[in-house]
Amino acid sequence: MNNPKYKWIGTRPDRPDGADKVTGRARFAADFNLAGQLIGKVLRSPHAHARIKSIDASKALALPGVKAVVTSKDFPEQADLTVPAGEMQVNLRDVTRNIMAREKVLYEGHAVAAVAATTEAIAKQALSLIKVDYQILPHVIDVAEAMKPGAPVLHDHLMTEGAKPPATKPSNIAKRIEFAKGDTKAGFAKAEIIIERSFTTQAVHQGYIEPHATLASASEDGQVQIWSTTQGHFQVRGFCARLLNMETSQIRVTPSEIGGGFGGKTVVYLEPLAVRLSQKSGKPVKMTMSREDVFRASGPAPGGNVHVKIGAMKDGRIVAGECTVEMQAGAFPGSPVGPACMCSFACYDIDNVFIVGFDVVSNRPKVAAYRAPGAPISSFAVESTIDMLCQQLNMDPIDLRLKNAATKGTKTAYGVTFGVIGMVETLQAAKDSPHYKTPVKPGFARGVAAGFWFNVGADSSAAAHVGEDGTVTVISGNPDIGGSRASLALMAAEELGVDYDKVRPVIADTASIGFNFVTGGSRVTFATGLAVVNSVRDLIRDLKSRAAKTWGVDPEGVIW
């Protein structure tokens, strides 16, 4: 239903990208081609954990049609520096080792070398000619097993950050974090009922329909163009610049339409390889992952172990909560264990809370974001335990949650004091709904759960201009995953007072608009939308000023 305050906000017009997508005209990354392009392929490790003793690519290079081969030697060492990567954090030292194994391979599917050849068949043949001498090492893929003192250690330099007491030797536990509020010992001593449960979840791949694909073209003057399927082309530019020791001004990235990402396309895999192969061969290089490559070598969401303990009074008031999260990071540190811990009890106003999390590496592909990374895992455990509490108390699951719901002024265990949070309103709306009031049929069940996630602001840029025909172009820099072009066009139309079909939203490349953070973290409609609104308001001020000059009046006297 339309809000009477607005003409366009709240309506459901056709999406600007809709016609191209339903007719097959939309261009995804694998649809981009350049004259004379080569095909790039990656050689991947058959072992989960092995030391690389040597790589001999001489026979591959001698194969007719092969124009370039790259190994880790073609990528400079990176500093031990942690930087944002979409909704998660990554270490540049690890990123360069993930795109191309250096001292060791750390998971089955880890990239070891890459080739560029005139045809796909020749590229595949070249891979078979590359000889890698491996020293196979013991491996570990289970979180609990990886945490044990005698487990095979992936990284000799990895000391547990935040360990209590401080770590004195390497282990697979990259980090320990904790959040506390009140005194859980006192809370549990007061509790009339205590429930304690453990949960295990498995790694789940994002499963986007479109595999990773990229096309890179390096010119003689050092400039590079990249076409890529990504949730953040400025992120692609930044990572490629760092990993290849280039200036960002030398790299121009154009995003394709994206066939799903869900957080899994906020990092780089093929792009640095394609650029280096293009630089070495002097030709454009196109690389596309097979579905097998996607599952073997790109980031799934993590699995993990969660232990929850909740203490409550017989009237349903929760007086203490503890949560321990052991989360799968994959081969390199950086699981979303922080958000998992922060979100675990965030829906509730509990006086005594203690949360501890462990970031654990093992011989699996490095994890990537996936729809509120980390939060579903801890929420699953906490909400399941709360449901068990409801059953023991014979209490309606919404009523118990309402009794403990976070509200404006609630202070979280991780330190934030909430403003308007909407938890009570959401629960009450669910309770008042006809669905919830309908009796459950025999053999069926009804589930209730609450969840919390953050809204990331980050950086967004936008621009707007009016064409000669009176139409408006709105330029932004965030790949459109869920309809953001339509959202931005609606905002622009509302501000300008023009019809929606007079606004054309454009997603620009990295050389055509200012920096934008990735499409992720539930941020684009909010943050980039605000940038569009501000750019349109600037446009209105400029138009009023021009009209004032034409009419010879004060700009403040011009009414839009």
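Use the structure listed above.
Bear in mind that the values here come from a model prediction, so they are computed numbers and not experimental data. (Residues numbered from 1 in each chain as written. Predicted model: local features only at pLDDT ≥ 70, side-chain atom pairs only at ≥ 80, totals over all residues. Heavy atoms only, no water.)

Participant: Sorry if this is basic, but what is going on with the overall build of the protein here?
Facilitator: Helix and strand counts for the protein stand at 16 helices and 20 strands. The C-alpha atoms of the protein give a radius of gyration of 27 Å, which matches the 24 Å a tight globule of 560 residues would have. Principal-axis analysis of the C-alpha atoms gives the protein an extent of 80 × 75 × 50 Å. Going through the 560 residues of the protein one by one, you find that 53% of them count as buried. Pairs at least 24 residues apart make up 77% of the contacts formed inside the protein by residues separated by at least 6 positions. Just so you have it, the protein exposes about 25400 Å², and 53% of that area is on carbon and sulfur atoms. (Helix = DSSP H or I, 4+ residues; strand = E, 2+ residues; numbered from the N terminus. Rg over C-alpha atoms; globule rule 2.2 N^0.38 Å. Buried < 20%, exposed > 50% of the residue type's maximum accessible area, 1.4 Å probe, protein only. Contact = heavy atoms within 4.5 Å. Areas by Shrake-Rupley, 256 points an atom, 1.4 Å probe, with all protein chains shown as cover.)

Participant: In this structure, what is going on with the sheet that holds strand S9 (residues 173-181)? I would like to understand it.
Facilitator: Strand pairing in a sheet is mediated by backbone hydrogen bonds. Such pairs are either parallel or antiparallel. As summarised here, the arrangement of the five strands in space is S9-S17-S16-S15-S10, forming an open sheet in which the pairing is mixed. Sheet topology places S9 and strand S10 (193-201) at the edges, where each strand pairs with a single neighbour. Taking each pair of neighbouring strands and ignoring which way they run, the sheet shows an average axis angle of 10°. Strand contacts of helix H10 (residues 337-344): S9, strand S16 (318-330) and strand S17 (353-361), with the helix running at about 160° to S17, the strand carrying the most contacts. Taken strand by strand, helix H11 (residues 375-393) contacts S10, strand S15 (304-312) and S16, and its axis lies near 145° from that of S10. (Pairing = 2+ DSSP bridges. Axes fitted to C-alpha atoms, helices over the stretch in contact; angles between N-to-C directions.)

Participant: Hey, could you run me through the pattern of salt bridges in this one?
Facilitator: A side chain of one charge can pair with a side chain of the opposite charge when the charged atoms of the two come close. All chains considered together, the criterion is met by 27 salt bridges. Here lysine 41 and glutamate 120 are joined by a salt bridge, their closest N and O atoms 3.1 Å apart. Taken as a pair, lysine 41 in strand S1 (residues 38-44) and glutamate 120 in helix H4 (residues 120-129) lie far apart in primary sequence, 79 residues in all. Look at lysine 41 and you get buried, because its relative accessible area is 16%. Among the ionic pairs, arginine 401 bridges to aspartate 387, the shortest N-O distance being 3.0 Å. With arginine 401 in helix H12 (residues 397-404) and aspartate 387 in helix H11, the pair connects residues that are 14 residues apart, well separated along the chain. Overall, the relative accessible area of 0% leaves arginine 401 in the buried class. One network of salt bridges, with partners in common, ties together Arg15, Asp17, Lys21, Glu257, Asp480 and Arg485. (Salt bridge = Lys/Arg side-chain N within 4 Å of Asp/Glu carboxyl O.)

Participant: Before we go on, may I ask you to explain the packing of aromatic side chains in this structure?
Facilitator: Any pair of aromatic rings gets described here by the distance separating the centres and the angle formed by the planes. Following the criterion strictly, the structure yields seven aromatic pairs and no others. Their ring planes at 40° and their centres at 6.1 Å tell us that tryptophan 8 and tyrosine 500 sit as a pair that is tilted. Of the two residues, tryptophan 8 sits in the segment before helix H1 (18-23) while tyrosine 500 sits in the loop between helix H15 (484-496) and strand S20 (503-507), which places them 492 residues apart along the sequence. Taken individually, tryptophan 8 and tyrosine 500 each receive the classification buried, so the pair is uniform in this respect. One Lys or Arg, lysine 265, reaches over the ring of tyrosine 208 and ends 4.7 Å from the middle of that ring. Across from the ring centre of phenylalanine 75, 5.8 Å away, lies the NZ or CZ of arginine 276, which sits over that ring. (Phe/Tyr/Trp six-rings, centres within 6.5 Å; stacked < 30°, edge-to-face > 60°. Lys NZ or Arg CZ within 6 Å of the ring centre and 35° of its normal.)

Participant: It is not clear to me how the environment of phenylalanine 32 should be interpreted in this structure. Could you clarify?
Facilitator: With respect to the secondary-structure elements, phenylalanine 32 resides in the loop between H1 and S1. By relative accessible area, which is 11% here, phenylalanine 32 ends up buried. In contact with phenylalanine 32, not counting residues within four places along its chain, are Arg27, Gln37, Leu215, Trp227, Ser256 and Lys286.

Participant: Got a minute to help me understand the sheet that holds strand S2 (residues 50-56) in this structure?
Facilitator: Taken together, the three strands give an open sheet; going across it, the order is S6-S2-S8, and neighbouring strands pair in antiparallel fashion. The open sheet has two edge strands with one neighbour each: strand S6 (104-105) and strand S8 (131-136). With six bridges joining them, S2 and S8 adopt antiparallel strand pairing. Note that in S8 the partner of alanine 50 across the bridge is isoleucine 136.

Participant: Which parts of the structure should I look at to understand the state of the cysteines?
Facilitator: Covalent bonding between the sulfur atoms of two cysteines is what defines a disulfide. Tallying each qualifying case throughout the model produces zero disulfides. As a non-bridged cysteine, cysteine 341 has cysteine 323 as the owner of its nearest cysteine sulfur, 6.4 Å distant. As a non-bridged cysteine, cysteine 390 has cysteine 347 as the owner of its nearest cysteine sulfur, 14 Å distant. (Disulfide = S-S within 2.5 Å.)

Participant: Quick question: what am I supposed to make of the side chain of serine 72 here?
Facilitator: When you line up the elements, serine 72 lands in the loop between strand S3 (66-70) and strand S4 (82-85). Residue contacts for serine 72: discarding those within four places in its chain leaves Met100, Ala101 and Arg102.

Participant: What is the right way to look at the environment of histidine 157 in this model?
Facilitator: Locating histidine 157 in the fold gives a position in the loop between helix H5 (143-147) and S9. Among the polar contacts listed, one links the side chain of histidine 157 to the side chain of arginine 93, at a separation of 3.4 Å. (Polar contact = N/O pair within 3.5 Å; in protein donor to acceptor, adjacent residues only side chain to side chain.)

Participant: Could you clarify how one ought to interpret the environment of leucine 539 in this entry?
Facilitator: Considering the arrangement of structural elements, one finds leucine 539 in helix H16 (residues 524-551). Between the alpha carbons of leucine 539 and leucine 496 there is a distance of 9.1 Å; along the sequence they are 43 residues apart.

Participant: Quick question: what am I supposed to make of H12 here?
Facilitator: Side chains that are three or four residues apart share a direction in an α-helix, a result of its 3.6 residues per turn. For H12, the full list of buried residues reads Ile398, Leu400, Arg401 and Asn404. Relative to the axis of H12, the buried residues are bounded by an arc of 160° and lie together on one face. Where H12 starts, the residue carrying a side-chain oxygen 2.8 Å from the main-chain nitrogen of isoleucine 398 turns out to be aspartate 396. (Arc of directions from axis to C-beta.)

Participant: What is the right way to read the nonpolar core from this model?
Facilitator: The nonpolar side chains of soluble globular proteins are, as a tendency, buried together. With 47 residues, the main nonpolar core has Phe345 and Leu389 as its most contacted residues. In terms of residue count, H11 provides more of this core than any other element does, eight residues in total. Once you skip the residues sitting within four places of it in the chain, phenylalanine 345 turns out to touch Val308, Ile310, Gly321, Glu322, Cys323, Ile350, Val353, Ile355 and Val382. One finds Val70, Ala114, Ile226 and Val275 within the second-largest nonpolar core, a separate group that totals 42 residues. (Core = buried A, V, L, I, M, F, W, Y, C linked by side-chain atoms within 4.5 Å.)

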